[in-house]
Amino acid sequence: MRVLVLNGVNLNVLGRRDPKLYGGLSIAELESRIYGWARELQLTVQCRQTNDEGEFIKWCHDSYDVVDGMVVNPAAWTHYAWSIHDALEPLTIPIVEVHLSNIDEREEWRRTSVLSDLVAARFIGHGPDGYKLALDYLKENAG
Ligand code: DQA
């Protein structure tokens, strides 16, 4: 089963952002944990991160008919980027939304997710383990 994990804007500076919200791992350490979980679950996972919304959208387009499940943390784009909603909308595979922090218990503007009508599951506020929960979910429900 092929799974694409997309991380969005500012997640490359994890490790420098507030550790109380986002934990202390760098993006490289986070991705290495994700690849470890993928091996345990026998999933073929590719992790990507970008600060460029167009690139994020291109990766969504490139995933059509190629992957069996998707894990997305669009970071701040989650709250306003309808372009990302529209790029993900044609996907017929399960999409899982992950946020390190609990966006439902932070500022009001973070409580909106443009993905809410598209996702099969969401794991928020579990830190890095949210990605493990997402992979477990896809192992059970995708492909
Ligand atoms: C985030 C939450 C977003 O509100 C924020 O803009 C991020 C990270 C999270 O993983 O907790 O950059 O997506």
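Residues numbered from 1 in each chain as written. Predicted model: local features only at pLDDT ≥ 70, side-chain atom pairs only at ≥ 80, totals over all residues. Heavy atoms only, no water.

Student: Any details on the nonpolar core? Residues and values, ideally.
Tutor: Core analysis: the biggest nonpolar cluster contains 48 residues, and Ile-34, Val-45, Met-70, Val-71, Leu-88, Tyr-131 and Leu-135 have the highest contact counts within it. Residues contacting Ile-34, with those up to four places away along its chain left out, are Val-5, Val-45, Cys-47, Tyr-131 and Leu-135. (Core = buried A, V, L, I, M, F, W, Y, C linked by side-chain atoms within 4.5 Å. Buried < 20%, exposed > 50% of the residue type's maximum accessible area, 1.4 Å probe, protein only. Contact = heavy atoms within 4.5 Å.)

Student: Quick rundown of the pattern of salt bridges? Include the residues and the values.
Tutor: The full count for this structure, using the stated rule, is 9 salt bridges. Here Glu-107 makes a salt bridge to Arg-106, at a shortest N to O gap of 3.7 Å. Here Arg-106 falls in the buried class, since its relative accessible area comes to 15%. Between Glu-107 and Arg-110 there is a salt bridge, with its nearest N and O atoms 2.7 Å apart. Looking at Glu-107, the relative accessible area reads 34%, which means it is partly exposed. When salt bridges that share partners are traced, they join Glu-97, Asp-104 and Arg-122 into one network. (Salt bridge = Lys/Arg side-chain N within 4 Å of Asp/Glu carboxyl O.)

Student: Any details on the site of the ligand? Residues and values, ideally.
Tutor: As a structural note, the neighbourhood of the ligand is formed by Arg-17, Tyr-22, Asn-73, Ala-75, Ala-76, His-79, His-99, Leu-100, Ser-101, Ile-103 and Arg-110. Here an oxygen atom of the ligand and a backbone polar atom of Ala-76 are 3.2 Å apart. Contact distances for the ligand include 2.6 Å between an oxygen atom and a side-chain N or O atom of Ser-101. With the chains in place, 99% of the 320 Å² that the ligand exposes on its own is no longer accessible. Judged by the proximity of its atoms to the pocket grid, the ligand belongs to the largest pocket. (Near = heavy atom within 4 Å. Polar contact = N/O pair within 3.5 Å; in protein donor to acceptor, adjacent residues only side chain to side chain. Areas by Shrake-Rupley, 256 points an atom, 1.4 Å probe, with all protein chains shown as cover. 1 Å grid on protein atoms, 1.4 Å probe; cavity = no way out; pocket = protein on both sides within 12 Å on 5 of 7 lines; lining within 4 Å. Sits in = over half its atoms within 2 Å of the grid points.)

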